[in-house]
Each structure stands twice: as structure tokens, then as C-alpha cells.
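The residues making up each chain are set out below.
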Amino acid sequence: EGAAPLSRSWNRTEADRCLYIKIHTEVQVKNYEKFLEEYSAQLQGIEEALDDSVGDVWDFTLDPIALKLLPYEQSSLLELIKTDNKVLNKVITVYAALCYMYNGFLSDTSVVEGESQIQMGRFISFLQELSCFVSRCFEVVVNMVHQLAALYISNNATKIIESTGVHFQTVYEHLGELLVVLITLDEIMENHATLKDHWRMYKRLLKSVHHNPAKFAIPEEKLKPFEKLLLKLEGQLLDSMIFQACVEQRFDDPGEGVSVSKNSAFAEEFAYNIRTIFANVESKLGEPSEIDQRDKYTGVCGLFVLHFHIFRAVDKKIYKSLLDVCKKVPAVTLAANIIWFPDTFLLSKVPAAAKLMDKKSIQSIRSSRDAFLQQKAQTLMKDMQSYYIFVTSWMMKMESILSKEPKPDKLSEDLSNRCNIFVQGVLYAYSISTIIKTTMNMYMSMQRPMTKTSVKALCRLVELLKAVEHTFHRRSLVVADSVSHITQQLQSQALASISTAKKRVISDKKYSEQRLDVLSALVLAENTLNGPSTKERRLIVSLALSVGTQMKTFKDEELLPLQLVLKKLDLISELRERVKVHCDCSFLYWHRTVFPIYLDDVYENAVDAARIHYMFSALRDCVPTMLHAKHMESCDQLLVCYDTEIMEILNEHLLDKLCKEIEKDLRLSVHTHLKLDDRNPFKVGMKDLAHFFSLKPIRFFNRFIDIKAYVTHYLDKTFYNLTTVALHDWATYSEMRNLATQRYGLVMTEAHLPSQTLEQGLDVLEIMRNIHVFVSRYLYNLNNQIFIERTSNNKHLNTINIRHIANSIRTHGTGIMNTTVNFTYQFLRKKFYIFSQFMYDEHIKSRLIKDIRFFRETKDQTDQKYPFERAEKFNRGIRKLGLTPDGQSYLDQFRQLISQIGNAMGYVRMIRSGGLHCCSSAIRFVPDLEDIVNFEELVKEEGLSEETQKAASQLDCVLTDLTTNSAEGTEYFKMLVGVFAPEFRSIKNMHLRNFYMIVPPLTVNFVEHSINCKEKLNKKNKIGAAFTDDGFAMGVAYILKLLDQYQEFDSLHWFQAVREKYMKEMNAVVKEQTVQSTSQDEKLMQTMNLTQKRLDVYLQEFELLYFSLSSARIFFRADKTAAEETQEKKDREEVAKTGPGSSTIEGSPGESSAK
């Protein structure tokens, strides 16, 4: 009974536990889901960020992850070559080992130019390694020859295997390849003038070390062996005799027990293999399916020379055939810029055969080089166009075949298609590469000039080459997937073919050793093919089939497909490596001169600008070779030089030209209202440079070259700098910025300079610097406070008002106001000097003194008024003294001088008004000028950082400045009166005291001038027209104030006299009119009306002048004389001293600091 509840409770806890686990699991899963979502979002962000910056063309060396397709062999050769036939095992193992050993010999042959002895010193160790490599090559060549000779022994007694019908062609091909390496080294040494020069310098240096070893801290006993080493290196490597030394080795070694040169069977076999290889090579040379036949041709030539040196026999027929190929292939590129001429090689290395040739045929081979080059130059453009079509259609096929899913029932057909397309790509790459290298290197080695068209065509071919490589690279995932399937399919085809032959051998019951060899070889080939398609396995298959194809085991129609399958297997297994080798453009390092021409072409034909990516990819191919440079302290130096050179060329030939052209286009588009050159695109053509801005950034070394960003930066910088120089142009540059965005999609940066308004007018700085020009060219209007240009070449006149000045002050700061007044003071000094000279002139002074005396004597009779006739007489009298070429009297010039002084004073007044205007517009954001809080104190209370406190105190300073400036403008007029008055009123300038008497004739002169100017406004020829010139009134008021002669001038009652005179004349005319109205004389009436009108105009002008002068006098406090002003100043000072409590206010430090 007790057990039941216990089990029940146990079940409950178990259920709870399961529930807990379930909940816990769900929570964990949710967390995991959340993590995955965040992670995928991050990845997407990274991908998007990279997407904009990574170009279409990648730098393969920077791939974060890449697939290596090349299978490598884990089993040793001995494990692979296992058959029951021990003798065959040994033969194939030896040959496989020798061939494989050759494959390990790949020397880096990039010897790049450098600077003299130090570099040579660094280079010695590399030469020593090269020397060891060459010695090893010699040994391998001897060993190979011995091993081959051992197989073909004339007497039957000691035959290793039945060798009739067995041709180890592969071994001979490998031997040929090894000889090509030695030939390449020879050619490099031959073509490397710099290396030889530096070697000579280095030896010279050694001699000087020899004479004084202590100085160089080198023990003498070490020098001797080092010199011996150098001599050995020079003899072995630098004399370009590496290949010659190799073939002239002693191959007959009695110790080895192998007879070579006397072995007729071997000599025959050797010659047979040369013929067979050559036949295969010759048929393919220059064909579209050519893949590596040129290199093999070099190998055949090497083997031929080796055969000649061993057996001293020449097959004239083969020799002639080898030379004939030169007409089709005049030169072969061995490495980068190293080119090899087979005819030169054959004639120099086999002199015995060369003697048998007639000179004519030798000459024709030589001349065929030039013919080849000329023909190439003509067909290059056509070749390029046809390859352009081939490669683009091949790229489309690649894209289409790799993007569609294969159908299960058509799998084998699909794989065959893929295989053929891959092979086709490699073939195109090889053909294009051969054209470029051969043409460029032949032009270079024969020192012939290339046409621009040829250069452009070659550069296009370089782009195509890179396009092929990038197609493979871009689809490397699918290619990798396909390659493994294709190799399996090809292996199965080969296995099917071999098994048919094997059955045929087994079904034949006759036993012989030879049959056993064949069977074993076929079994070996089968076993080896059942595995990855590695280099070693393919080598063994090819050797095994050399044995297995004798005795008619294969029918002819079976053998060819099998050879084709194996050839494809070779290509597909090494697909990536083949593509890399054929598309390698490191030879461009020696042909960098084509790059500027290429860039000019890209710039001219902007439509397909994207191709520049491919060219940069080709230029990057030079980098891996440079990393092996041994003569520099660090290869980085070489890379930096290369990088700098390429970037300079790019900037000069593309980027800078592009920047200038875009800027020019924007300028001309914005300034269409000006008279420009013809920009009709139908006449002058049109280039759409916008294509450059759709390019993705180009990757080069460790930088991205973003053309769009480069041009944007250039325009930003230019526009900013030019706006800084001339701020009034800001609107033009803003327009250009907007146009750049609309037309080219460039995202421009705003300049954020203090912009001026569109109606900025003349800048204060400009006026200040040229104030003498300004006052003579502009006219002042007192009431509107505005300056108007006197004359202009345009249809409009410039004006300057307070708003313009305020804007200028806002741009340059209030400090400019004092400087302007200072400049005005300097200007006035010069003008007053001329003023003084005029007043001192005897003619003027005597007349004035006469007038003053006359007025004093007659003022009681003339009712204290200066007679108008007297002023008019003075004005006319001065004309008699002489006129300027443009018909002006001295009084006219004096009036102009006074007007200019007045204009200067008007400008000072406008500066003050502009300053107040500027301050008031700046301070309008302060809520209450009477109660401004102290920000620094508030910040300190809050305990904010030191920077904030600093900022607050700055703000307080600014606000204080603004309030004081807006409340009181500086009294500039007072200052300018104060500075000149003492001098004007001094005893030595007594002649100036007559000035008040010259004012009446001056006003008469002014009124005549003013009426004359106003009348011109209605005429067609408006030169000299004007409607205002208040500078004169300002000038007269200012000078009267300086001389303290307001009272003297007022005593003349001049304007009352003028008014009386004109009123009197007008009344007389009215009276005359009433008298004459009865006589009905129309002509007389018209004359009367005109006279009345003229008198009206004159009176109005004088009235206007009187009002202007009265207004101007207010500025200079005309109500007080100098004596009264002095008295007022004294009174104020006394009040300040004695006033109750005022001393504390005046003397408080707060007040003085505020001031």
C-alpha cells in the first residue's frame, strides 16, 4: 500500500523534470536562433560593405579562401609501379624517377636591373644556388642518356627488355624540357647587359680589396677561395655557355659499363624519337589547337644538338625541316622578355650542318623575321577583333553551361561539353599569350618602332587574356566541381580502351617475354589510372603505354582516341595551373612604355572604360616575380618604385586629364551666357566621361583607386580654394557642384564658407585697397545712403548700399572697419595736400582776397548777401586761366577734388551704418539685451568640464562685444575731424582761411555741372549722365568744419542771395509774359516759357544743393563753432571731477574693463 503513492510522486517529479528540460531546451534553441539571425545580419552587412569597394576584377593573391585543384600524390613511385614483371617495374621506375626529377627543377629566372656593386654582392649567393642547380641538371642529363642507352644495347645477350617497337617518347620530351631550361638560362645571361656591367664593376672592386684587405676588414686567406668561386661562376654561368657545356659533356664512361656514342641502336632510337616528336609538333604549330608545341619545338632543337654532339652525325633532312619551321615561328618566348631565335641557335650550335646549307636559304630565313613582323603589324587589328568575338562568345558559353543544372540522363554529354569548353579556354589563352609575347618581344629585341594602332591592339589582347583568367576564377567553384567529374569520366574512357586491349592480349595463347611485358604494362596502366589524376600517375601511364602499345595490341582507330583522352586528362588535371601560366602577364614589366599609350586610348574611348580593370590585373602579375628579387636589400624597395611609376603614369595620362576635362565641361556649361567657342556636339564631337564614374574601384597593391572619388576630391578642393580666393563666386561654384551631381553622379561636399549674398556688390576689401579709384568712379546719394557707378561698359550700373557693406563685414569680420577708416585717412591726407596747393595758388588767392575785401566793404549796401554776379564772374574768370584737353577749368577740377573727399566721407558713414546693421542682425537672437545671463558662471555651478567652461567664457565675450558694438557705433567723423582740424586751423595754413569765399563760385559751377549731367539722361549718348552727386555737399561741409568756417560761410547768406536773384528774374519773366500776351507773338512766348523753365530748374538745383549741404552739416555738428565745442568739453571734464559720487562710477575697474 505504501509503495503506490511513492511511485506516483516519483512519476510526477519525473514528468516535471522532463518539462523543465523541454522548456530549457526551447529557451536555448530560441537563443541560438536569435544568435544566428544576428550573425547572418552581420555577415550581410559585411558583404554589403565589401560589395561597393571590391572591383569586378580581384587580386587573386588576396582571395580570403581559394580552391586548389591540383591533386598531389601520397604514394611513392615504388608503391605505384607494382606489377608481377620485375624487370619492367625497374625500367619504368627509373624513367619515371628521372622525368619526375626534371619536374622538380623550376628555377626563378627574374633577374631585375639594379644599382652596381652592393647589389651584385647580394646577388652572388643566388648565382651560387644557380650554379648548383646547373651542375645537378648536367648530372641528370648524363644519367638519362645512360639509362636510355642501356635499354638499347646492340647485342642481344644482355637485353633488359625487348625494346624493338618500344619508344619512350615521354622520356625524350622531358629530356628536351630540361635542355630548354638550360637554353633559357643562357639567353637570360646573354640579354642581361646590366648584370655583366655590374659583374665587371664587382671584379674591379675585388681587386682594390685585394690591394688593401685590412681597410675592408677581410682576412686575406678568405679572398683567394672567393675569387676562385667567382671565376667558376663566371665560366659556368655568365659566359652564356651553359647549354654548350651540357651537350659537350663526356657521355661514354667506361666505369658505368654503358657504351653511348658507339651504340648504333640507341643512335637510331634517339633520331627516331626526335623525328616523331617533331612530326607531332610541326603539324600543330600555328594551328588554333596549339597548346605547348612551341616549347616542345625548342626541346626538339635541344635534343637535335645533343644527338649531334653525342653521335657526331647530322640528319640533313631533319635539320632542314627544323630550320624551315623558322619561317612560321621566327622566335619563341622562353620567359617574360627572353626571346629565342631557333635559326641563330641551330646555325651556331651545329656548325657542321650549317656549312651544308646554301647561303641563300639561310638569308631567306633571316629576312622572314622582318616579313613576319610587318605581316603581324598589319593583321594585329584583325586578329584582335576576331579573338574579341571568340573570347566573348566563349565567356557566354562558360556562363551558360556552368549556370544550368546538368540533367541526370545527359550527365556524360554535359561533362564532355564542359571538358571541351575548358580546353577551348586554355587554347584561346595560349594563342593570345603567344601573339602578345612574340610580337612585343620581337619588336623589342629587333629594336623596331611599333605603331600606336599595334600597341592598342596588343593591349586589347592583354585584356582578353585576363578576361579568360577571370572567367575561370569567377566560376572557380563550379569549375572545381566539374574538373573532378571530368577527370573521372576521362579515366573511365581510357580504362575501357585499355581493358579491350588487355582482353585481346590475354586471348592470344602464345607465350613470349615480350607479350608478358605488354600485359604487365597494360595492367600497370590500369592500376595507376584507378586513382587521382596526379602528375606522377599520368607519367607512369604514359611510360607504361610506351611498352603496352607494341605488338598491335591496339587497333589504329582505338589508339588515336586513347591518346586524345590522355592529352585531355593532362590538360584538365592541371587546368588551373595551365590557365595561370598562359594568362601570366609578368612580361609587361619590360614593356611598361605601352601603358601611357593604353591609358590615352582608354581616355579617348571612355565607353568601355571598365576594361582598365583587366590591365591593372595584368600589371599586378609583375609583383610575384619581383618578390624573388635578390639584388635589393628588401624587395619592397622595388615594389614601391614600381607602384610609384605606375601611379604617376595613371595620374598624368588618365586621372588628371579627366579632372581637367570635367572641370572645363562644368565651367563652360555654367557660363553659357558668355561668348564661348562652338560646343555643338555635331560639329566638335562629344565624349561621355560619365562612364569612368560607374567603374568599381581598381585594386592595385594595397590601395583602391577609385576614379569617382579622385575626381570628386579634385573638384571639391578646386572649388573650395577658388571660392576662398573670390567669395563672390560662391554661387557659380554651387551651380557647378549641382551640375556635377546631375551630369556625372558625383557626390560633392558643401564648402561651408561664409557665403556672400547674390547681390554682394563690390567687396569692402576691394574698395579699401582701391579707394582712390572708387571715389572717382562712384557717385554718392546722401538720403538713400547709396553709391552709384558713374559709367559702365555694360547696360547696367553697379550700386553699393548698406546691406552690401554689412554682408562684406559679416564675411571678413568687424576688424575690417577700423582698417578701412585708416585707409581713408591716408587717402584724405594726399587729397588735402592738393587742396592746399590749389588754395595757395596766386591766381586763386588774389581773387579770393579781393572778393573778401569787396564783400566786407559792400555788405551793408547788399543787405549782408554775397552778390550772385560776383560768384558767376569768378567761375567765368577761372576758365580764362586755361582748360584741360577734355574742356575742364581749374575750378571744375577743384570741385571734383572736393566731391572725392566728400565721397570718401560718405563711404566712412556707410561703413559705420553697415557695421551697426551687421551687429544688429547678429544680435537679434539674444532675447533681452538689458539682461544677458553669464554663461560661464552657470557652467561652473553645474560643474561641467573645462572645455565647456572655456566655450562658455568665449560665448560671454562674443555677446559682450556684440552688445557694446550694437549700442554705440564708433564716431568716425569726429575722429577724422579731430585728426585734421588742428593742422587746418594752424597759423602756417592761413591761406586755407579763404575757403569759405570760394564756396559760392563752386556751387555755381556744381549746379551747372549737375544740370548738364541730368540733361544727358534723356539723350541717346549717355556718357557723363548722372542724377546724384552728394559727395560735393559732404566735402564742402567737412572742409568748412575742419576750418571752423560755418559762421563765416553763413555770414555770406549765399543761398538767400541765389533765391532772391532767381525769384527776381522769374517775376520779370512773368511780367513780360503778361505784357506780351496781348501781342500774340508765338515765338516770343515760347522763348519766354523756356526761360522760365530754365530758371525753375536752376532754382530747384540750388535748393537741392542747399538741403544736401544742410543735411551734411548735421553730421559735423554745424550748430557749434570750434571754440564752443572746446568750452563744452572743458565743462564736461569739470563736472566729472566735482560731480557727487561720480568718481566711483568713472574709476571702477569693471567699467574700464568693459570699455
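Residues numbered from 1 in each chain as written. Predicted model: local features only at pLDDT ≥ 70, side-chain atom pairs only at ≥ 80, totals over all residues. Heavy atoms only, no water.

A. Seen up close, the overall build of the protein. Of regular secondary structure, the protein possesses 46 helices and seven strands. Residues classed as buried in the protein amount to 46% of the 1155 residues present. A fraction of 79% describes how many contacts in the protein between residues 6 or more apart in sequence connect residues 24 or more apart. Split by element, the accessible area of the protein, about 61,800 Å² in all, is 55% carbon and sulfur. (Helix = DSSP H or I, 4+ residues; strand = E, 2+ residues; numbered from the N terminus. Buried < 20%, exposed > 50% of the residue type's maximum accessible area, 1.4 Å probe, protein only. Contact = heavy atoms within 4.5 Å. Areas by Shrake-Rupley, 256 points an atom, 1.4 Å probe, with all protein chains shown as cover.)

B. Molecular detail of the sheet that holds strand E7 (residues 799-801). The strand order across the open sheet built from three strands is E5-E6-E7, with neighbouring strands paired in antiparallel fashion. Two strands in the sheet have a free side with no partner beyond their single neighbour: strand E5 (778-781) and E7. Averaged over all pairs of adjacent strands, the angle between their axes in this sheet comes to 20°, without regard to strand direction. Note: strand E6 (residues 786-789) against E7, three bridges, orientation antiparallel. Pairing of Ile788 across the sheet is with Thr799, part of E7. This element, helix H35 (residues 890-923), spans E5, E6 and E7 of the sheet and lies at about 130° to E6. (Pairing = 2+ DSSP bridges. Axes fitted to C-alpha atoms, helices over the stretch in contact; angles between N-to-C directions.)

C. Layout of the packing of helix H32 (residues 815-840) against helix H40 (residues 1031-1043). At a closest axis distance of 14 Å, the pairing of H32 and H40 adopts a crossing angle of 80°. Comparing the axis directions of H32 and H40 gives the class roughly perpendicular. Mapping the contact onto sequence places Leu828, Phe832 and Phe835 in H32 and Tyr1038, Ile1039 and Leu1042 in H40. When its residues are assigned to classes, the contact of H32 with H40 shows six nonpolar, no polar and no charged. (Parallel < 35°, antiparallel > 145°, perpendicular 65-115°, else oblique. Nonpolar A, V, L, I, M, F, W, Y, C, P; charged D, E, K, R; others polar.)

D. Spatial organisation of the pattern of salt bridges. One pass over the full model with this rule turns up 43 salt bridges. Residue Arg703 is joined to Asp643 by a salt bridge in which the shortest nitrogen-to-oxygen separation is 2.7 Å. Of this pair, Arg703 sits in strand E4 (residues 703-705) while Asp643 sits in helix H25 (residues 635-670), placing them 60 residues apart in sequence. Between Lys940 and Glu936 there is a salt bridge, and its shortest N-O distance comes to 3.7 Å. Highlighted residues: Lys940 and Glu936, both in helix H36 (residues 935-942), separated by four residues, approximately one helical turn. Given a relative accessible area of 48%, Lys940 falls into the partly exposed group. (Salt bridge = Lys/Arg side-chain N within 4 Å of Asp/Glu carboxyl O.)

E. Structural context of the environment of Thr439. Mapped onto the fold, Thr439 is located in helix H15 (residues 411-445). Owing to a relative accessible area of 1%, Thr439 belongs among the buried residues under this scheme. Thr439 sits 63 residues away from Lys376 along the chain, and the two C-alpha atoms are 7.4 Å apart. Separated by 2.5 Å, the side chain of Thr439 and the backbone oxygen of Ile435 make a polar contact. (Polar contact = N/O pair within 3.5 Å; in protein donor to acceptor, adjacent residues only side chain to side chain.)

F. The arrangement of unusual backbone geometry in detail. In the Ramachandran plot, Ser240 falls in the positive-phi region, its phi being about 55° despite a non-glycine side chain. In this fold, Ser240 is placed in the loop between helix H7 (220-238) and helix H8 (242-247).

G. Structural context of a nonpolar patch on the surface. Among the surface-exposed residues, Tyr32, Phe35, Leu36, Tyr39, Leu43 and Ile46 lie close enough to one another that they form a single nonpolar patch of about 610 Å² accessible area. Structurally, Tyr39 is set in helix H1 (residues 3-53). A relative accessible area of 41% means that Tyr39 is categorised as partly exposed. (Patch = residues over 30% accessible without salt bridge, like charges linked within 9 Å, V, L, I, M, F, W, Y side chains within 5 Å.)

H. Summary view of helix H23 (residues 612-620). With nine of its nine residues buried, H23 lies for the most part within the structure. Among all positions in H23, only Ile612, His613, Tyr614, Met615, Phe616, Ser617, Ala618, Leu619 and Arg620 are buried.

I. How the structure looks around the packing of helix H5 (residues 169-191) against helix H9 (residues 264-284). Relative to each other, H5 and H9 sit at 80°, their axes nearing to 10 Å. Judged on the interaxial angle alone, H9 and H5 are roughly perpendicular. Every residue of H9 that contacts H5 at Gln169, Tyr172 and Glu173 is listed here: Phe266, Glu269, Phe270, Asn273, Thr276, Ile277 and Asn280.

J. Molecular detail of helix H34 (residues 868-880). Here H34 is 13 residues long and its end C-alpha atoms lie 19 Å apart, about the 18 Å a rise of 1.5 Å per residue gives. For H34, the set of buried residues is Phe868, Arg870, Ala871, Phe874, Asn875, Gly877 and Ile878. Packed against the buried residues of H34 are helix H33 (842-858), H35, helix H39 (995-1016), helix H42 (1054-1076) and helix H43 (1082-1115). Residue Gly882 follows H34 closely and has a positive phi angle near 135°. (Expected span 1.5 Å × (residues − 1).)

K. Inspection of the packing of aromatic side chains at higher detail. Applying the stated criterion across every chain yields a total of 52 aromatic pairs. Pairing Phe832 with Phe984 gives two aromatic rings, centres 4.8 Å apart and planes at 75°, and the pair type is edge-to-face. Residue Phe832 is found in helix H32, and its partner Phe984 is found in helix H38 (residues 972-985); the two are separated by 152 residues along the sequence. Phe832 gets classed as buried once you look at its relative accessible area, which sits at 6%. Exposure remark for Phe984: the relative accessible area of 5% places this residue in the buried category. (Phe/Tyr/Trp six-rings, centres within 6.5 Å; stacked < 30°, edge-to-face > 60°.)

L. Highlighting the confidence of the model for the protein. Mean pLDDT over the protein stands at 84; residues scoring 70 or higher make up 89%. The secondary structure element of the protein with the lowest average pLDDT is helix H46 (residues 1149-1154), at 33, and the one with the highest is E5, at 94. Contacts from residues 1-6, a stretch scored under 50 in pLDDT, to residues over four places away or in other chains number zero contacts. (pLDDT = per-residue confidence, 0-100.)

M. Main features of the environment of Ala751. Looking at the secondary structure, you find Ala751 in the loop between helix H28 (730-744) and helix H29 (764-769). With a relative accessible area of 15%, Ala751 lands in the buried category. Along the sequence, Ala751 and Asp716 sit 35 residues apart, while their C-alpha atoms lie 7.8 Å from each other. Beyond its immediate chain neighbours, meaning those up to four positions away, Ala751 contacts Tyr720 and Arg737.

N. Representation of the state of the cysteines. Applying the stated criterion across every chain, the model contains zero disulfides. Of all cysteine sulfurs in the structure, the one in Cys137 sits closest to Cys246, which takes part in no disulfide; the separation is 7.7 Å. (Disulfide = S-S within 2.5 Å.)

O. Highlighting the pairing of E6. Side chains Ile786 and Ile788 of E6 all project onto a buried face; the interleaved residues Phe787 and Glu789 project onto the opposite face, where all are buried too. By the bridge criterion, four bridges tie E5 to E6 in an arrangement that is antiparallel. In the strand pairing of E6, Tyr780 is matched with Phe787. Connecting E5 to the next strand, E6, in antiparallel fashion are four residues, including Gln785 with a positive phi near 50°.

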